[in-house]
Amino acid sequence: MDNHEQVRDFLVSRRAKITPARAGLPAGTRRRVKGLRRSEVAALADVSVEYYAKLERGHLAGVSPGVLEAVARALQLDDAERAHLLHLAQAAEGSDALARPRRRAGRQAPLHRSLQWTLDAVTAGPAYVSNGRLDLLATNQLARGFFSDIYTGGGSPPPNLARYQFLDPAARRFYPDWELMADVTVDVLRTEAGRDPHDKDLHDLVGELSTRSDAFRTRWGAHNVRRHGTGVKRFHHPAVGDLTLAFETLAMTAEPGLSLVIYTAEPGSAAEDNLRLLASWAASQEADARAATLPAE
């Protein structure tokens, strides 16, 4: 499985976003392409038109770091896009496969018990572990209450945030800024696809979402990527109402490819009060669920 198509579409989409004026070039007349011409990018990167055309056909194997950097400058890539181009080049070389820890075949390997203990120790905010496909692999009690729609919606485990985002109507209520959140979700998946182009489960997820969601398919075709490590998001929970939460995403050294995400509320805010209500509600829900499984006396 090569990544020529990914490389081609990414470079073409970035070239289309740069206007001649933005690149410091005269616009001229009778332009038949959106954005820059290949010849203009080649000139800005100080490579031949033939060589750049080869890159745009998806051939990144053997390309030097200096050329990649020159292309990144010519296309005015931001940090996330630059990293994505590097990942695509590594995948083309096969070096990414050598650098990545080998994953066990089949389902996700069980996580260390101490990781669940760590999540359970976080009681003031939702905390969970996810992979690059946005599967929820482990959660604390507050996260299970926070994502109650996902856990009550059925479907095969593990729950997946991207599938919920695009296929569950409840997501449009849960995310007041649904359009922005949809952009973020797809950008994260696109970044992961560049980092690990051989992930069959990711290919299957993208195929499913592309088939079932026009909104996903349009965004996937844009080839946008981003880093998504910290920020603030708005939510509307069915039990406690509006929540404005900050989040931090931490890469897990002991579990390469997995991330720990923790949501918190500003101290003294209404969101902090609502998180306390949510914690009480989540504990009650789980207590009721356990009681329902006990044998009748």
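## Looking at the overall build of the protein chain
When helices and strands are counted, the protein chain shows 15 helices and 5 strands. Its C-alpha atoms put the protein chain at 80 × 40 × 35 Å along the principal axes. Buried residues in the protein chain amount to 43% of all 297 residues. For the protein chain, long-range pairs separated by at least 24 residues make up 56% of all intrachain contacts whose partners lie at least 6 apart in sequence. Only carbon and sulfur atoms are counted for the fraction: they give 53% of the accessible area of the protein chain, which is about 16100 Å².

## Describing the sheet that holds strand 2 (residues 136–139)
Sheet architecture is open: 5 strands sit in the order 2-1-5-4-3, paired in antiparallel fashion. If you trace the sheet from one side to the other, it starts and ends with strand 2 and strand 3 (230–237), each paired once. In this sheet, neighbouring strand axes are inclined to one another by 30° on average, regardless of whether the strands run parallel or antiparallel. Sheet analysis places strand 4 (residues 241–251) next to strand 5 (residues 259–264), joined by 6 bridges and oriented antiparallel.

## Side note on the nonpolar core
By size, the foremost hydrophobic cluster in this structure holds 41 residues, and its most contacted members are Phe-146, Phe-147, Tyr-175, Leu-189 and Leu-245. Among the elements that make up this core, the one with the highest residue count is helix 12 (residues 178–195) (8 residues). Other than its neighbours up to four places away in sequence, Phe-146 contacts Pro-126, Phe-174, Phe-235, His-237, Leu-243, Leu-245, Tyr-263 and Leu-278. Ile-18, Leu-60, Leu-77 and Ala-89 belong to the second largest nonpolar core, which has 25 residues in total.

What counts, and at which threshold
- Residues numbered from 1 in each chain as written.
- Predicted model: local features only at pLDDT ≥ 70, side-chain atom pairs only at ≥ 80, totals over all residues.
- Heavy atoms only, no water.
- Helix = DSSP H or I, 4+ residues; strand = E, 2+ residues; numbered from the N terminus.
- Buried < 20%, exposed > 50% of the residue type's maximum accessible area, 1.4 Å probe, protein only.
- Contact = heavy atoms within 4.5 Å.
- Areas by Shrake-Rupley, 256 points an atom, 1.4 Å probe, with all protein chains shown as cover.
- Pairing = 2+ DSSP bridges.
- Axes fitted to C-alpha atoms, helices over the stretch in contact; angles between N-to-C directions.
- Core = buried A, V, L, I, M, F, W, Y, C linked by side-chain atoms within 4.5 Å.

Such coordinate-based values are descriptive only and should not be taken to indicate function.
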